[in-house]
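Observations on the model geometry
If you want the building blocks of each chain, they are given just below.
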Amino acid sequence: MDTKFIGKKSAAAGGWGALKSCGKQLLQSGMPVSGARTMLKANQPDGFDCPGCAWGDPEHASSFEFCENGVKAVAWEATEKRATPAFFAVNTVSELRQLSDYELELNGRLTHPLRYHAASDRYLPVAWEDAFAEIGSILKGLDNPNRAEFYTSGRASNEAAFLYQLFVRIYGTNNFPDCSNMCHEASGIALSQAIGVGKGTVLLEDFEEADAIFVIGQNPGTNHPRMLGDLRRAAIRGARIVVFNPIRERGLERFSDPQDKIEMLRGGATDIAGLYLQPQLGGDMAAVRGMAKAVLAAEDAAVAAGLPPVLDHPFLADHCAGFAQYRAAVEATAWADIEDQSGLSRQDIKQAADVYIRAERVICTWAMGVTQHLHSVATIREIANFMFLRGNIGKPGAGVCPVRGHSNVQGDRTVGINEKPADGFLDALEKHFGFSVPRDHGHNVLAAIGAMLDGSAEAFIGLGGNFARATPDSALVEKALRQLKLTVHIATKPNHSHLMPGEASFILPCLGRTEMDLNAAGNSQLVSVEDSMSMVHGSAGINRPASPHLLSEVAIIAGIAQATVGSSVADWAELSDDYDRIRDHIEATIPGFENYNARLRKPRGFHLRNPAAHREWQTPAGRASFSCPALPEETVHQRARRGEGRFALQTFRSHDQYNTTVYGLDDRYRGVYGERQVIFIHPADLKAMNAEAGDRVDVIGDHDDGIERIARDFRFVPYDIPQGSIAGYYPELNVLVPLGSAGEESDTPTSKSIMVSLRKRDAA
């Protein structure tokens, strides 16, 4: 038994540990001084938008508007290491495939465009013009545009994403598998149904006014650490913070702000959650339904006692549809069912509801702990129902706040990366550009993988990201990519997706967010992004490019477009040389972008108006709409309980990673060091298995499709997690996520609801 990888957890998130980690990352980049100088321009009006996360920037930026994970992201991008053609000359693709994600990306920045040479199993340099010509020739040679898949990562700017969707729609398809399909798709669908807009309704300033903040299925300490500063300030001024999360996450317990000199010198920290509840996996909807039941009971008690009402009756009467039906559904839901499905007691749920009742202004935030379940859309509708009860949408200090992951995943969707585009958007494109747009819905991520597997898709172009590692059912996705006629990856560093080449395969290296993007006249180009609060702001890199052979994402898209569809509809060269012209087209086709170029150059940019935040409801009913389904018949933890030796597994990030990018092998908030193949498990479950910390197991998928799924050689870490549930890191555990298990309505992989069993390995 080896437990040396299990150590002490941080006493609090942030603090000296965060500063030490920042220093370590900058040193590891090989450019500590220039890296530190670069960070001073992160999230500043005259700098670049941090490539880390989509948390909003304050109106009055502090001297330092970055976090530990932002430093990791920038150091990862600004490294001195280079993956040159010489690197690929001495390493075959088969050899590189044996490296871990961390080991592969440690080789540094890509410097030259590359084409796969099958006979030598190596990537060789290729001229940009030749790469564009061959890619265009293959795409034009497909017998149907729908045989190509065009993936987008949330790292792409608004300008790159808009140009990408324009090119692809001129080409003739709506096949836009997108990283949104794997994270917040349920949020967009549910909120569109409930309030008419698929985005959050709050601004960052609302966190300064909220009386209570409910954080559901979210780990800001690792995924968007700057949010902890806003939660800390809210806690200090007396706002109550209620957390629903199966895992005890350090950042939601205590946070030591590295920018608070007194707190740092004293070694202190601020308590974040006043109430921390740990539901079973998949139990969030039942927990929220239970809070609603408690609120309605308090309303009845208040009326009976002649006290002021608990519900916001004017809001319900003037702005809502379906309240009576929802109330009947709640009253028909038994407390026994709520307790069993949520894994929480009636007393705990009522305690959370009491916080809600006492607060005049409430914000509810959530992330992928909510969205990656079978019934995620229904759960988010339930959250909206709960917020409607006391009018907590459309007033200062209140609202819904789905917190996105990558820095522009929300913006990409806003500017047209959508496999199911709205007719109004397509009409605007058709009118403005004068071409017939494709109207049939295209493929999302799961549909794209299915099409690649069955041969109906023959080409894949990835605008950023690491498709093979981000998606579920890793072995099937690798097979799907390798049987294509064409794979193209626009990237900054080598990753495992590049090692699954099709018949013709290209790696096209692009500029990073921190690097200067100069046009032909030598002028710096400005791009834009949209954060989780619908703020659109500019970003201009300040560092010299890692290689003179790099092109911007916009220039690469323009080059492929010119070679594929020509310039009869759009002058790609002009657009890639002046991003203001791209923004003119966005302004002409997408509402909310009036005076785009002028407003973008103001400090902090501008806000895209959200009608629901003004109590304007663009729903079929013209009102905020309640939903009233019964609770799920059975959740993943209830199914696991029916079978001996079965567990409900969720995947998540370590503290040393962002999405599929692994910065290091430590997870100090959870007390794991130098190891990623771990399974977090309740001590009582370990004891029941006659196992101990550090014992090795294989994790075996339990899905009824006849496919064997095994994640081999993982080690146990005892942890504060509900019995019957286990957790571990992706992408290592993505091999267990079945393509055939997806969210109802959202079609999002159920990465937080995986049924598995555990098989002990020999100690040897």
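The rules behind each value
Residues numbered from 1 in each chain as written. Predicted model: local features only at pLDDT ≥ 70, side-chain atom pairs only at ≥ 80, totals over all residues. Heavy atoms only, no water. Helix = DSSP H or I, 4+ residues; strand = E, 2+ residues; numbered from the N terminus. Rg over C-alpha atoms; globule rule 2.2 N^0.38 Å. Buried < 20%, exposed > 50% of the residue type's maximum accessible area, 1.4 Å probe, protein only. Areas by Shrake-Rupley, 256 points an atom, 1.4 Å probe, with all protein chains shown as cover. Polar contact = N/O pair within 3.5 Å; in protein donor to acceptor, adjacent residues only side chain to side chain. Contact = heavy atoms within 4.5 Å. Arc of directions from axis to C-beta. Pairing = 2+ DSSP bridges. Core = buried A, V, L, I, M, F, W, Y, C linked by side-chain atoms within 4.5 Å. Salt bridge = Lys/Arg side-chain N within 4 Å of Asp/Glu carboxyl O. Axes fitted to C-alpha atoms, helices over the stretch in contact; angles between N-to-C directions. Parallel < 35°, antiparallel > 145°, perpendicular 65-115°, else oblique. Left-handed = near helix turned anticlockwise from the far one by under 90°. Nonpolar A, V, L, I, M, F, W, Y, C, P; charged D, E, K, R; others polar. Phe/Tyr/Trp six-rings, centres within 6.5 Å; stacked < 30°, edge-to-face > 60°.

1. A few points about the overall build of the chain
Check the secondary structure of the chain and you find 31 helices and 29 strands. Scaling as 2.2 N^0.38, a compact globule of 764 residues should have a C-alpha radius of gyration of about 27 Å, and the chain matches this with 25 Å. Expressed as a percentage of its 764 residues, the buried residues of the chain come to 63%. Carbon and sulfur atoms make up 50% of the accessible area of the chain, which amounts to about 27,000 Å² in all.

2. Here's the deal with the side chain of His 655
Relative to the elements of secondary structure, His 655 occurs in the loop between β22 (646-652) and β23 (657-658). Looking at His 655, the relative accessible area reads 1%, which means it is buried. Within the structure, the side chain of His 655 is placed 2.9 Å from the side chain of Thr 222, a separation counted as a polar contact. Dropping the residues within four chain positions of it, His 655 is found in contact with Glu 68, Asn 69, Lys 72, Gly 221, Thr 222, Asp 666, Asp 667, Arg 668 and Tyr 669.

3. What to know about helix α17 (residues 335-342)
All of the buried residues along α17 are Trp 335, Ile 338, Gln 341 and Ser 342. Within α17, the buried residues cover an arc of 140° as seen down the axis, which keeps them to one side. In this structure, the buried residues of α17 make contact with α14 (284-304), α18 (346-358) and α30 (636-642). Just past α17, the residue Gly 343 takes up positive phi, approximately 80°.

4. Brief notes about the pairing of strand β29 (residues 754-760)
Looking at chain direction, β22 and β29 are connected through 4 bridges and run antiparallel. Bridge pairing links Arg 646 to Ser 757 in β29. Where strand β26 (residues 696-701) and β29 come together, 5 bridges link them in antiparallel fashion. From the neighbouring strand, Asp 698 faces β29, where its bridge partner is Arg 759.

5. Let's talk about the environment of Gln 218
Of note, Gln 218 is situated in the loop between β7 (212-216) and α10 (220-223). The spacing of Gln 218 and Ala 457 is 239 residues in sequence and 35 Å in space, taken between C-alpha atoms. Those residues within four positions of Gln 218 in sequence are excluded, and the remaining contacts are His 224, Met 227, Asn 245, Leu 252, Thr 365, Trp 366, Ala 367 and Val 403. Within the structure, Gln 218 has its side chain in polar contact with the side chain of His 224 (distance 3.0 Å). Within the structure, Gln 218 has its side chain in polar contact with the side chain of Thr 365 (distance 2.5 Å).

6. Details of the nonpolar core
Soluble globular proteins tend to pack their nonpolar side chains together in the buried interior. Among the nonpolar cores identified, the biggest contains 62 residues, and Leu 139, Phe 150, Leu 508 and Trp 572 are the most heavily contacted of them. Of the residues forming this core, the biggest block, 10 residues, is contributed by helix α8 (residues 158-171). What Leu 139 contacts, discounting residues up to four positions off in sequence, is Ala 148, Phe 150, Phe 167, Tyr 171, Ala 459, Ile 461, Leu 486, Ile 560 and Thr 564.

7. Observations concerning the pattern of salt bridges
With the rule as written, the count across this model stands at 43 salt bridges. A salt bridge links Glu 249 to Arg 670, with the nearest nitrogen and oxygen atoms 2.8 Å apart. Highlighted residues: Glu 249 in the loop between β8 (240-244) and α12 (250-253) and Arg 670 in the loop between β24 (661-662) and β25 (678-681), separated in sequence by 421 residues. Accessibility assignment for this pair places Glu 249 and Arg 670 in one class, buried. A salt bridge links Glu 430 to Arg 439; its shortest N-O distance comes to 3.4 Å.

8. As for the packing of α14 against α18
With their axes 8 Å apart at the nearest point, α14 and α18 run at an angle of 60° to one another. Relative to α18, α14 is oriented oblique. For the pair α14 and α18, the sense of crossing is right-handed. Between α14 and α18, the contacting residues are Ala 287, Gly 290, Met 291, Ala 294, Val 295 and Ala 298 on the first element and Ile 349, Lys 350, Ala 352, Ala 353, Tyr 356 and Ile 357 on the second. When the residues that make up the contact of α14 with α18 are grouped by side-chain class, the tally is 10 nonpolar, 1 polar and 1 charged.

9. Here we look at the sheet that holds β29
The mixed closed barrel is built from 6 strands, whose spatial order is β22-β28-β25-β27-β26-β29. Adjacent strand axes in the sheet meet at a mean angle of 45° when their direction is disregarded. Pairing geometry for β25 and strand β28 (residues 725-729), over 2 bridges, is antiparallel. Paired with Phe 680 across the two strands is Ala 727, which belongs to β28.

10. Regarding the environment of Gly 268
Examined against the element boundaries, Gly 268 turns out to sit in the loop between α13 (261-266) and β10 (270-271). For the pair formed by Gly 268 and Phe 255, sequence separation is 13 residues and the distance between their alpha carbons is 8.8 Å.

11. Details of the packing of aromatic side chains
Per the counting criterion, the structure on display carries 28 aromatic pairs. Centroid distance Phe 88 to Tyr 123: 6.0 Å. Interplanar angle 75°. Geometry classified as edge-to-face. Placement of the pair is Phe 88 in helix α4 (residues 85-89) and Tyr 123 in strand β5 (residues 122-125), with a sequence separation of 35 residues. Owing to a relative accessible area of 1%, Phe 88 belongs among the buried residues under this scheme. Judged by centre distance (5.5 Å) and plane angle (50°), the ring pair of Phe 323 and Phe 626 falls under tilted. Here the residue Phe 323 occupies a position in helix α16 (residues 323-331), and Phe 626 occupies one in the loop between β21 (624-625) and α30, the gap between them amounting to 303 residues. One exposure class covers both Phe 323 and Phe 626, and it is buried.

12. Quick notes on the sheet that holds β7
Spatially, 5 strands are ordered β11-β8-β7-β13-β14 in an open sheet, and the strand pairing comes out parallel. Since the sheet does not close on itself, it has two edges, and those belong to β11 (275-277) and β14 (399-402), each with one partner. Direction aside, neighbouring strands of the sheet carry axes that sit 15° apart on average.

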